Amino acid sequence: MYPFSVSLRSGSSGNSTFIRTESAGIAIDCGLNGRQFALALQSIGQSPRAVDALLLTHEHTDHCSGLGVVMRRHHIPLYLTEKTYQAVKDDLGKVKESLIHLIEPGRAFMIRDVRVLPFSTPHDAVDSVGFRLETADGDIGVATDLGHFSETVRQGLAGCKIVHLESNYEPDMLETGPYPAFLKRRIAGSRGHLSNQEAGLAASWLIRHGTRLVVLSHLSEENNHPRRALEVVRSYLPEAGAGTGVDFQIHVSPRHVCSGLFSCKDHLVGQIAPNGTNLPGDQLSWLEPDQDEDRRETV
Ligand SMILES: [Zn+2]
Ligand SMILES: [Zn+2]
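Residues numbered from 1 in each chain as written. Chains lettered and ligands numbered in written order. Predicted model: local features only at pLDDT ≥ 70, side-chain atom pairs only at ≥ 80, totals over all residues.

(A) Broad picture of the overall build of the protein chain. Helices and strands together make up the secondary structure of the protein chain, namely 10 helices and 16 strands. Every one of the 299 residues in the protein chain was classed for burial, and the buried ones make up 50%. Within the protein chain, contacts between residues at least 6 apart in sequence are counted, and of these 66% link residues at least 24 apart. (Helix = DSSP H or I, 4+ residues; strand = E, 2+ residues; numbered from the N terminus. Buried ≥ 20, exposed ≤ 12 C-beta atoms within 10 Å, placed from the backbone. Contact = placed C-beta atoms within 7 Å.)

Have a look at this one:
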């Protein structure tokens with residue numbers, strides 16, 4: 001069933017995506033505490049011991065709050081840009097310097113058999129990046145915290161079979177919601193977050209460039225709803241010409257629990273049941289969060 005990707009947590013209360021190939025386990029961001037991280041991996045039959053590398057997209061707390069503890073506890077190396085390292089250094093606490101690996105946007109590096117390409121993302125952080133992981137069965141991209149779907153992000157993700165893409169807010173809900181005006185401006189700004197509509201256009205572009213599965217991620221709890229995000233993104237796909245005769249799936253990452261496992265092996269892109277069988281994707285595109293949480297209460 002390798003390779004696969006799975007969202008361990010998604011949203012402003014914590015983000016982490018785990019990608020497993022035949023020889024490597026890679027976690028992108030660690031915005032959950034050490035115990036939650038271990039339990040989340042356990043719930044999908046993995047363990048922190050199987051994590052060969054942690055990759056950090058940027059210094060915001062929802063992406064790095066558990067990093068220091070997880071690195072110390074399991075001796076996992078961390079890959080991040082120099083500027084991001086300077087920004088998180090104090091919060092990481094005491095970690096061995098040998099575990100720190102500095103990377104540069106646009107310069108690929110290897111983790112075991114996996115070529116990893118970091119690419120710059122437009123966000124209000126010192127040096128934020130997204131990641132593209134090349135695997136034998138197709139590439140997997142992760143790009144959240146995007147003020148807009150920039151040319152660099154397009155290039156970084158073009159042709160990825162699976163993309164974990166931000167779909168942060170619904171403009172009406174943000175506008176009428178409880179956030180102060182400065183925060184609303186920040187979220188909607190070109191270095192803030194991606195709206196459902198922008199995610200719809202981005203998903204449509206991605207599908208036209210070879211993506212077969214889009215996992216909507218980093219949904220705002222106050223300014224979005226998973227069903228709404230899914231509806232809006234879906235509504236953009238036929239309009240933009242995506243999907244004519246092309247099989248693709250759109251899923252939504254749950255906030256407080258793990259998503260399904262997403263695989264692109266043997267040209268079959270879809271969600272895998274824990275017993276290893278493939279489930280039909282579209283029916284599972286959306287799970288009510290409440291049902292989902294009941295089902296995985298142990299995480
Ligand atoms: Zn951020
Ligand atoms: Zn974030």
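(B) Main features of the nonpolar core. One finds Ile-26, Leu-54, Leu-55, Leu-165, Ala-203, Val-214 and Leu-216 to be the most contacted residues of the largest nonpolar core, which totals 73 residues. Those residues in contact with Ile-26, other than ones at most four positions away along the chain, are Ile-19, Asp-52, Ala-53, Leu-55, Ile-111, Val-114 and Leu-133. (Core = buried A, V, L, I, M, F, W, Y, C linked by C-beta atoms within 7 Å.)

(C) Inspection of the sheet that holds strand 7 (residues 109–111) at higher detail. Here 7 strands make up an open sheet; going across it, the order is 7-8-9-10-11-12-13 and the pairing mixed. On the outer flanks of this sheet lie strand 7 and strand 13 (249–252), each paired with one strand and no other. For this sheet the average axis-to-axis angle between neighbouring strands, irrespective of direction, equals 20°. Bridging between strand 12 (residues 213–217) and strand 13 involves 4 bridges; their strand directions are parallel. Each bridged residue has a counterpart across the sheet, and for Val-214 the counterpart in strand 13 is Ile-250. Docked against the sheet, helix 8 (residues 196–208) engages strand 11 (162–166), strand 12 and strand 13, running at close to 165° with respect to strand 11. (Pairing = 2+ DSSP bridges. Axes fitted to C-alpha atoms, helices over the stretch in contact; angles between N-to-C directions.)

(D) Spatial organisation of unusual backbone geometry. At Asp-29, a residue that is not glycine, the phi angle is positive and equals roughly 70°. By the element assignment, Asp-29 lies in the loop between strand 3 (25–28) and helix 1 (34–43). The phi angle at His-218 is positive, at roughly 55°, despite the residue not being glycine. Considering the arrangement of structural elements, one finds His-218 in the loop between strand 12 and helix 9 (226–239). When the 27 C-beta atoms within 10 Å are taken as the criterion, His-218 is described as buried.

(E) Examining helix 3 (residues 67–74) more closely. When we look at burial in helix 3, the residues that qualify are Leu-67, Gly-68, Val-70 and Met-71. On its buried face, helix 3 sits against helix 1, strand 4 (53–55), helix 2 (61–64), strand 5 (78–81) and helix 4 (82–92).

(F) Expanded view of the environment of Ser-263. Here Ser-263 is to be found in strand 14 (residues 261–263). Given 26 C-beta atoms within a 10 Å radius, Ser-263 is considered buried. Counting along the chain gives 102 residues from Ser-263 to Lys-161, while the straight-line C-alpha distance between them is 9.1 Å.

(G) Spotlight on the confidence of the model for the protein chain. For the protein chain, per-residue confidence averages 88 on the pLDDT scale, and residues scoring 70 or more make up 86% of the total. For residues 274–299, every residue scores under 50 in pLDDT, and the model assigns this stretch 40 contacts once sequence neighbours within four places are set aside. (pLDDT = per-residue confidence, 0-100.)

(H) Layout of the environment of Val-215. As for its position among the elements, Val-215 is in strand 12. Val-215 sits 47 residues away from Phe-262 along the chain, and the two C-alpha atoms are 8.9 Å apart.

(I) A look at the pairing of strand 10 (residues 140–143). In strand 10, alternate side chains face the same way, and those of Ile-140 and Val-142 on one face and Gly-141 and Ala-143 on the other are all buried. Taking the residues that link successive antiparallel strands as the turn, the strand 9 (residues 129–134)-strand 10 hairpin has 5 residues, and the phi of Gly-138 there is positive, at about 130°. Direction of pairing for strand 10 relative to strand 11: parallel, over a ladder of 4 bridges. Across the sheet, residue Val-142 finds its bridge partner in strand 11, namely His-164. A crossover links strand 10 with its parallel partner strand 11, the connecting element being helix 5 (residues 151–157), and its sense is right-handed. (Right-handed = clockwise from strand over helix to strand, strands pointing away.)

(J) Focus on the environment of Lys-96. The residue Lys-96 is located in the loop between helix 4 and strand 6 (100–103) in this model. Owing to 10 C-beta atoms within 10 Å, Lys-96 belongs among the exposed residues under this scheme. Distance from Lys-96 to His-75, taken between C-alpha atoms, is 8.6 Å for residues 21 residues apart in sequence.

(K) Representation of the pairing of strand 9. Burial runs high along strand 9: 5 of the 6 residues are buried. Sheet topology places strand 8 (residues 114–120) next to strand 9; 6 bridges connect them, and they run antiparallel. If you follow Ser-120 over to strand 9, its bridge partner there is Val-129.

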